[in-house]
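Structural overview
Next come the chains, spelled out residue by residue.
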Amino acid sequence: MREAIITEVLKARRSRLPWLSVAAFGVATAVGALFMFILADPDRARSLGLLGAKAQLSGATADWPGYLSFLAQTTAVGGIGVFGVIVIWTFGREFSDHTAKDLLALPTPRTTIVAAKFAVTGVWCLLLALQTYVLGLAAGAALQLPGWDGATALRGLARLLTVAIMTWLLVSVLALAASAWQGYLAAVGLMFLIVFLAQIVATLGYGHIFPWSVPGVLSGLSGGDRPAVGVLGYALVAIVGAAGTVATVLWWRNADQNR
Amino acid sequence: MQASVRSGPVIDVVDVSKSYGDVLAVDRVSLRVEAGEIYALLGLNGAGKTTLIRVLLGMVRPNGGRVALFGAAINRRTHEVWSDVGYLVETPAAYPELTVLENLEVVRRLRRIADRSVVDDTIERLGLGPYAHRRTRTLSLGNAQRLGLAKALLHRPRLLILDEPANGLDPAGVVEIRDMLRSLADEGTTVFLSSHVLAEVARLASRIGIIHCGQLREELTAAALAERVRRRLSIATRDDTTAATVLTVAGYTVRADDSGLIVDDRSAVESPDDVAVALVRAGIPPMRLTVDGEDLESYFLRAVGVHDA
């Protein structure tokens, strides 16, 4: 497993995707900080016109709980996209670059290679979430946001990491799509469909039981008037994550490999 | 690194079939390859060569029959036997943003080879030294093919399975790879390769299997191939019409073509001097009398029934 993980890390390190994902989450954190900066002063929000209106529409409050919640929300929404692209690239590139065939008849079992891919994408996504948190702390401190205390900070971190882990579990189906459809395109299409459905279902009020909407609902994206995530919601996320992972492993192990 | 040595054939394919929907890609193929042999699977594009190779490597599951390498049945749980097998399937592939050296490092790690020097040794052996630190997206087709072969050879396997190994190589590269494969076979490595170039195969293989429409039509040794290639006597005289009559009376089967007369009889091919004597005695001495060998491609097309040359 160790050798397979090292090779996956090498492949990821040599690509541009880590930097792009860092930049994407960095921008999300910066946008959150900008909203806090705008919301901290009602006159400033009014003077900034459309941008001020957008910040107010986000429903966030210019304090630490509001900022940490906003960061969890951006991770939930942006996570499907960014984590999804990471997973699709990690699996789909083997088919787009025609390197999958070189992974199939080795002393390292295919299941180990797939497990290494999932492990690397998992750590990658968690690091992005931690980056969001650390940058958020720095930005919040620079903005001198009110409402800081240790418990709020820990709650914010726990929620952010929970949302990130759930989102990573949910994009495992994209690993299966990128593998079974042997490349990026169809999997990216599925990702857009998932993001679209997650928004629609959450808007209709069923986000707490639609797995791909659950991280968003948990992060507070749907507002306080919607049902909260219960055991069923968590269980569905875990089931989707497990099903996506196991199906991907089985596909790599059993499907005819003609590419 | 090597699996335990077992007696028996290195490759044992028994009654293997593979179909995709209505298309029967491999049709009840059986073959055996012994240690140290260079076995060439010869066929046109789409004949079933690559599918059979993928079956050998456990990449596709046959609909029927069984495959064993070194006596071990190939299935989804097969892992250890791959330590003894190096392969190159279809066009060579590599991670484009990694260098040649890094691509080989990936293979070394996944093949669980502790000795890091095998990478440098293989780079040297395949003449990839000048490109070791170059990203593979910039490699020429020939060097990409060398890298593909390097990946197959990195762990010094006892069995090499190569799909069109000479693809993209320049003439010098073809000779170099041919010599290398021959030398590996001399050292005991078994080589199973596919090709659609009979002339290349004839120079290298100790045994040849001709596959067409998924069926193994014929298996023959390199020596038998030389014998089976059709030879003929080609004759030119000042009066081909009379010469044809003379030779027909002498018992030969004669036909005319653009260059003169053609005699296919074995006796004529083996004793062209008898034909010359017959013509001289009839007062029509030959201006040209040569034994022509059928070109290998014509033989191959005849063998698979594409046309009867």
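Below, the structure is looked at part by part. (Residues numbered from 1 in each chain as written. Chains lettered and ligands numbered in written order. Predicted model: local features only at pLDDT ≥ 70, side-chain atom pairs only at ≥ 80, totals over all residues. Heavy atoms only, no water.)

In this section: the overall build of chain A. Across its full length, chain A carries eleven helices and zero strands. Reading the helices (α) and strands (β) of chain A from amino to carboxyl end gives α-α-α-α-α-α-α-α-α-α-α. Relative to the globule expectation of 18 Å for 259 residues, the C-alpha radius of gyration of chain A, 20 Å, shows essentially globular dimensions. In terms of overall dimensions, chain A has a C-alpha envelope of 65 × 35 × 35 Å along the principal axes. (Helix = DSSP H or I, 4+ residues; strand = E, 2+ residues; numbered from the N terminus. Rg over C-alpha atoms; globule rule 2.2 N^0.38 Å.)

All names here are of chain A. Nonpolar side chains collect at one region of the surface, where Leu193, Phe196, Leu197, Ile200, Leu204, Tyr206, Ile209 and Leu232 lie side by side and expose about 770 Å² of accessible area between them. Element by element, the count of residues in the nonpolar patch is highest for helix α9 (residues 185-203), at four residues. Note on placement: Leu193 falls in helix α9. On the basis of relative accessibility, which here comes to 44%, the residue Leu193 falls in the partly exposed class. (Patch = residues over 30% accessible without salt bridge, like charges linked within 9 Å, V, L, I, M, F, W, Y side chains within 5 Å. Areas by Shrake-Rupley, 256 points an atom, 1.4 Å probe, with all protein chains shown as cover. Salt bridge = Lys/Arg side-chain N within 4 Å of Asp/Glu carboxyl O. Buried < 20%, exposed > 50% of the residue type's maximum accessible area, 1.4 Å probe, protein only.)

For Ser15 of chain A, the location among the structural elements is in the loop between α1 (2-13) and α2 (17-39). A distance of 2.9 Å separates a polar side-chain atom of Ser15 of chain A from the backbone oxygen of Ala12 of chain A. If we ignore the near neighbours within four places in the chain, the residues touching Ser15 of chain A are Trp89 of chain A together with Glu97 of chain B. (Polar contact = N/O pair within 3.5 Å; in protein donor to acceptor, adjacent residues only side chain to side chain. Contact = heavy atoms within 4.5 Å.)

Bringing the nonpolar core into the picture now. Nonpolar side chains in soluble globular proteins tend to be buried together. Ranked by size, the top nonpolar core spans 90 residues in total, and within it Ile11, Leu57, Leu69 and Phe192 of chain B carry the most contacts. Counting residues per element, this core draws most heavily on helix α5 (residues 64-96) of chain A, at ten residues. Apart from the residues lying within four places of it in its own chain, the contact partners of Ile11 of chain B are Leu31, Arg32, Val33, Leu56, Ala68, Leu69, Leu159 and Phe192 of chain B. Residues Leu139, Leu193, Val201 and Tyr299 of chain B belong to the second largest nonpolar core, which totals 45 residues. (Core = buried A, V, L, I, M, F, W, Y, C linked by side-chain atoms within 4.5 Å.)

Next up on the list: the interface of chain A and chain B. Taken together, the contact pairs 32 residues of chain A with 30 residues of chain B. Summing both partners gives a buried area of about 3000 Å² for chain A against chain B, and 52% of it is carried by carbon and sulfur. For the interface between chain A and chain B, the tally reads five salt bridges. Salt-bridge contacts for Glu3 of chain A lead to Arg109 of chain B; the nearest nitrogen and oxygen are separated by 2.7 Å. Taken together, chain A and chain B are joined by 15 residue pairs in polar contact (both at pLDDT 80 or more). Among the elements of the structure, α1, α5, α6 (110-142) and α11 (231-254) of chain A are those that each provide at least two residues to the side of chain A that touches chain B. The leading source of residues in the side of chain A that touches chain B is α1 of chain A, at six residues. Of the residues assigned to the side of chain A that touches chain B, the class counts are twelve nonpolar, eight polar and twelve charged. (Buried area = accessible area lost by both parts, 1.4 Å probe. Nonpolar A, V, L, I, M, F, W, Y, C, P; charged D, E, K, R; others polar.)

With that out of the way, let us pick up the environment of Ala23 of chain A. All names here are of chain A. Take Ala23: it is sitting in helix α2. Taking relative accessible area as the criterion, Ala23 reaches 42% and is therefore assigned partly exposed. Taking C-alpha positions, Ala23 is 29 Å from Thr203, a pair spaced 180 residues apart along the chain.

A word on the pattern of salt bridges. All told, the structure shown has 23 salt bridges over all chains when counted by the stated rule. The shortest N-O distance in the salt bridge between Asp97 of chain A and Arg93 of chain A comes to 2.9 Å. Accessibility expressed as a relative area gives 2% for Arg93 of chain A, which makes it buried. Residue Arg28 of chain B pairs with Asp15 of chain B through a salt bridge whose shortest N-O separation is 3.1 Å. Note that Arg28 of chain B is positioned in strand β2 (residues 23-33) and Asp15 of chain B in strand β1 (residues 11-20), a separation of 13 residues in sequence. Residue Arg28 of chain B is classed as exposed on the basis of its relative accessible area of 58%. Exposure remark for Asp15 of chain B: the relative accessible area of 30% places this residue in the partly exposed category.

Together, Asp115, Asp120, Asp121 and Glu124 of chain B give the surface a local cluster of negative charge. By the secondary structure assignment, Glu124 of chain B is in helix α3 (residues 117-125). (Lys, Arg positive; Asp, Glu negative; His and termini not counted. Charge placed at Lys NZ, Arg CZ, Asp CG, Glu CD.)

Taken by themselves, the reported measurements are silent on function.
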